[in-house]
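Each chain is listed here by its residues.
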Amino acid sequence: MGQGQLWRLTLVLCVVWALSLLYGEMVSYWVPLWSCSWPSLTSSSSSNGGDQVNVAVIADPQLMDKTSLNLPPKSLALEAAQFYTDLYMRRSFRSSILPFKPHVVIFLGDQFDGGPLLSDEEWQESLWRFKNTFYLLKKEETNIYYLSGNHDIGYSGVNSRSPKVVSLFEKDFGKRNYRFIAREVEYIAVDAQTLDGPVQGKLTSSSWEFVQNISKEVVSRPRILLTHIPLYRADETPCGSYRSSPIINQRIRRSDPDQGITYQNYLSEETSARLLELIKPILVLSGHDHDQCTVTHSTPTGAVTEHTLGTVSWQQGNLYPSFMLLSATSIPSWNTTIPPEQAVSTHLCFLPMQTHIYIWYLFLFVVTLLLLLFWPANGLSCPEPCNRFMSSIGETLRSIMVSHKEKDEDEDCEYEMIWDAEGSMHLVKKASAVPRTMKTSDNTLTGRGNVVARPTARKTATQEGEASVTVDMTADVKVDDIGKSSTFYRSKAGKVIRRFVRVFRLLVFIAAINLPLYMMLLFKDWNDH
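Just so it is clear, the model here is predicted, and its values are computed rather than measured.

Asker: Which parts of the structure should I look at to understand the overall build of the chain?
Answerer: Broken down by element type, the chain carries 13 helices and 18 strands. Within the chain, the proportion of its 529 residues that are buried is 45%. When contacts within the chain are restricted to residue pairs at least 6 apart in sequence, long-range pairs at least 24 apart make up 75% of them. Counting every atom, the chain has about 27,500 Å² of accessible surface; 58% of that belongs to carbon and sulfur.

Asker: Would you mind showing me how to read the sheet that holds strand β13 (residues 344-350) here?
Answerer: Strand pairing within a sheet occurs via backbone hydrogen bonds; the two strands may be parallel or antiparallel. Read across the open sheet, the 5 strands follow the order β3-β2-β1-β12-β13; overall the sheet is mixed. On the outer flanks of this sheet lie β3 (143-146) and β13, each paired with one strand and no other. The sheet shows a mean angle of 20 degrees between the axes of neighbouring strands, taken without regard to direction. Relative to β13, strand β12 (residues 322-328) is paired through 7 bridges, and the arrangement is antiparallel. Along β13, the bridge assignment pairs F323 with C349. The sheet contacts of helix α4 (residues 76-97) involve β1 (53-58), β2 (104-107) and β12, and relative to β1 the element is tilted by about 160 degrees.

Asker: What am I meant to see in the environment of L63 here?
Answerer: Mapped onto the secondary structure, L63 falls in the loop between β1 and α4. Classification of L63 by relative accessible area gives buried; the value is 0%. Once residues within four sequence positions are removed from consideration, L63 is found in contact with D86, M89, Q111, F112, D113, S126, R129, F130 and F134.

Asker: How should the sheet that holds strand β5 (residues 185-190) be read in this particular structure?
Answerer: Taken in spatial order, the 6 strands make up an open sheet running β4-β5-β6-β9-β11-β10, and their pairing is mixed. Both edges of this open sheet fall to β4 (178-182) and β10 (293-299), since each of them pairs with a single strand only. Across this sheet, the average inter-strand angle for adjacent strands is 25 degrees, counted without regard to direction. Where strand β9 (residues 283-290) and strand β11 (residues 302-310) come together, 5 bridges link them in parallel fashion. The residue bridging H290 from the neighbouring strand is G310, located in β11. Of the strands in this sheet, β4, β5 and β6 (223-227) are in contact with helix α9 (residues 202-215), which crosses β5 at around 155 degrees. Its contacts with the sheet put helix α10 (residues 269-279) on β5, β6, β9, β10 and β11, and the angle it makes with β6 is roughly 150 degrees.

Asker: What exactly am I supposed to notice about the packing of α9 against α10 here?
Answerer: Angle between the axes and distance between the axes: these two values describe a pair of packed helices. The interhelical angle for the contact between α9 and α10, taken along N-to-C directions, is 35 degrees, at an axis separation of 8 Å. Seen from α9, the contacting residues are W208, V211, Q212 and S215; seen from α10, they are T271, R274, L275, L278 and I279. Classifying every residue of the contact of α9 with α10 gives 5 nonpolar, 3 polar and 1 charged.

Asker: Looking at this model, I keep getting lost on the pairing of β4. Mind explaining?
Answerer: It is a general feature of regular strands that their side chains alternate between the two faces of the sheet. Going residue by residue along β4, you find Y178, F180 and A182 tucked away on one face and R179 and I181 left uncovered on the opposite face. As paired strands, β4 and β5 are joined by 5 bridges and run antiparallel to one another. Among the inter-strand pairings, A182 is bridged to a residue of β5, identified as V185. Turn length for the β4-β5 hairpin, with the two strands adjacent in sequence and antiparallel, is 2 residues, and the turn residue R183 shows positive phi of about 60 degrees.

Asker: Got a minute to help me understand the pattern of salt bridges in this structure?
Answerer: Pairs can form between side chains of opposite charge whenever their charged atoms are close. One pass over the full model with this rule turns up 15 salt bridges. In this structure, the salt-bridge partner of E184 is R221, at a minimum N-O distance of 3.7 Å. One end of the pair, E184, is in the loop between β4 and β5; the other, R221, is in the loop between α9 and β6, and 37 residues separate them in sequence. Taking the shortest distance from any N to any O, the salt bridge between E306 and R233 comes out at 3.5 Å.

Asker: In this structure, what is going on with the packing of α4 against helix α5 (residues 120-133)? I would like to understand it.
Answerer: Between α4 and α5, the shortest axis-to-axis distance is 9 Å and the interhelical angle comes to 35 degrees. Residue-level inspection shows Q82, D86, M89, R90 and F93 of α4 in contact with α5, the latter providing R129, N132 and T133. In terms of residue class, the contact of α4 with α5 is made up of 2 nonpolar, 3 polar and 3 charged.

Asker: So what exactly am I meant to see when it comes to empty space enclosed by the protein here?
Answerer: In this approach the atoms are scanned with a rolling probe the size of a water molecule, which exposes any empty space left behind. Per the counting criterion, the structure on display carries 2 cavities of 30 Å³ or more. What the largest cavity holds in volume is close to 40 Å³. Taken together, E25, Y84, L87, Y88, R91, W314, Q354, Y358 and L522 form the lining of the largest cavity. Counting residues per element, the ones that place at least two in the lining of the largest cavity are α4 and α11 (354-374).

Asker: Before we go on, may I ask you to explain the packing of aromatic side chains in this structure?
Answerer: Centre-to-centre distance and the angle between the planes together describe a pair of aromatic rings. Following the criterion strictly, the structure yields 27 aromatic pairs and no others. Centroid distance Y145 to F180: 3.7 Å. Interplanar angle 5 degrees. Geometry classified as stacked. Here Y145, found in strand β3, pairs with F180, found in strand β4; they are 35 residues apart in sequence, far enough to count as distant. Take F180: its relative accessible area is 8%, and that puts it in the buried class. Between Y242 and F350, the aromatic rings sit 5.8 Å apart at their centres with planes inclined by 50 degrees, giving tilted as the arrangement. Residue Y242 is located in the loop between β6 and β7 (252-254), and its partner F350 is located in strand β13; the two are separated by 108 residues in the primary sequence.

Asker: Would you take a moment to explain the UniProt feature "transmembrane region" (unreviewed entry) in the chain for this structure?
Answerer: The sites that UniProt annotates as "transmembrane region" (unreviewed entry) are residues 357-375 and 503-523. This span, residues 357-375, is 95% helix and 0% strand, and a straight line between its end C-alpha atoms measures 26 Å. In residues 503-523, the share of helix is 100% and the share of strand is 0%. The end C-alpha atoms are 30 Å apart.

Asker: Sorry, what's going on with the side chain of S126 here?
Answerer: Here S126 is to be found in helix α5. Assessed through its relative accessible area of 4%, S126 is described here as buried. Among residues more than four places away in sequence, those in contact with S126 are L63, F112 and L118.

Asker: Looking at this structure, how should I read α9?
Answerer: Residue pairs three or four apart in sequence face the same way in an α-helix, which turns once every 3.6 residues. In this model, α9 (14 residues) spans 20 Å end to end at C-alpha, consistent with the 20 Å of a helix rising 1.5 Å per residue. Where α9 is concerned, the buried positions are L203, T204, S207, W208, F210, V211 and I214. Relative to the axis of α9, the buried residues are bounded by an arc of 150 degrees and lie together on one face.

Rules used throughout
Residues numbered from 1 in each chain as written. Predicted model: local features only at pLDDT ≥ 70, side-chain atom pairs only at ≥ 80, totals over all residues. Heavy atoms only, no water. Helix = DSSP H or I, 4+ residues; strand = E, 2+ residues; numbered from the N terminus. Buried < 20%, exposed > 50% of the residue type's maximum accessible area, 1.4 Å probe, protein only. Contact = heavy atoms within 4.5 Å. Areas by Shrake-Rupley, 256 points an atom, 1.4 Å probe, with all protein chains shown as cover. Pairing = 2+ DSSP bridges. Axes fitted to C-alpha atoms, helices over the stretch in contact; angles between N-to-C directions. Nonpolar A, V, L, I, M, F, W, Y, C, P; charged D, E, K, R; others polar. Salt bridge = Lys/Arg side-chain N within 4 Å of Asp/Glu carboxyl O. 1 Å grid on protein atoms, 1.4 Å probe; cavity = no way out; pocket = protein on both sides within 12 Å on 5 of 7 lines; lining within 4 Å. Points joined across faces, edges and corners; volume = space filled by probe spheres on them. Phe/Tyr/Trp six-rings, centres within 6.5 Å; stacked < 30°, edge-to-face > 60°. UniProt positions renumbered as here; feature names shortened; annotations may be inferred. Expected span 1.5 Å × (residues − 1). Arc of directions from axis to C-beta.

Right under this line is the structure:
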């Protein structure tokens, strides 16, 4: 393979790798800014009021911990998984979500992965990671609200016996049941993990008391119900075109003897109907499922849409992480006769497909290796301007990287055959290119120690690998066989070894150019706060 063609190929691969890294580690996080936008409300609502309220909704970050992959705590594999997962969500939050400048950010629960199983120290460590991942640049411009999830405090069968984790959550993230108003829209957040728990349970009764108090008020604003666990839906209910995984049907498990919930995919049918009746929302937002799902619930007052959001993490079983942009009305006077689409509008936005990016890196590495190994000796055709450009670049690279020109295997060189005392022959390349004249006669042996030197054998273009000398051997060795094996070594194995060494050098060169770029992109936006 010509050195010029090989260096041109290496340069092309360097450029492809650099572009791939720039896209995968930076540009891909800008794609949502081009493909997504705040949904606009209908003209009737916007003409009667002021500016709309913009809300970014995020579900199920589930920061990985010792409970996530059954890996030993503090192990290298777990630390690497945590780093790359946190980095992805941090980039997504900083580069794909915050540039939309939302007025409100809502997390729909499951901030942690193993909340009920974490020690106080591990809880604080996960809390620090969460705040460092979802760090607000300007806190005064955006309000953040959190829901409790089953991975934060557990279901009723767990948190009723472990009130400590509930206290930790409320201390660091706020109340489990609360309400807030953003302009003219009211958001009702409920602790869904306790709603189907034992009636006599303290946490369950406090959650239903909160809902009952809201139901006694006159509905003066459009309400949005926020719940981590989705409302009930019949088995095999279609989830819409954004669903990327199979439909999950209702599963519910209870513990004995208090019959507390230990697992459920959806709230019970009775609980769901009661929530819709008491709160009267125009929209329901939920998480927990890790995949997108849009369903419609029938109520006495009309149909209510529920959007279940997919996870924002690429490590939680969804190849297509997402978030939602929600625009809400700011009309000072509102009544139930206004259609919901005139009060609230949503837009689902997808984040980079991190798994696909890593698959592309692996594919590109395999292609790089194969091209360097099997690129045609004459290269591929290239237009004349391209040839001139690549030649100039190749010459520059060779002048920098290659300290001396590698000798062609057909170039004249001298070898010396050395025999030891046992009669074994060794073929050694002479250090000097100028043959020395032996001062001794043909019949005289010049010896040093146990090694006897013979006249040199010159390798020529017409006699490749052949040597003719007069030797005295104590062992039964044929010179013809020796010449054949050395020729085979130089023509077969030697070529293979030199090819692999050359490929290794070029891979090192590609890595030397792109590895610093990757490290710079990897840590460019990771600062401790």
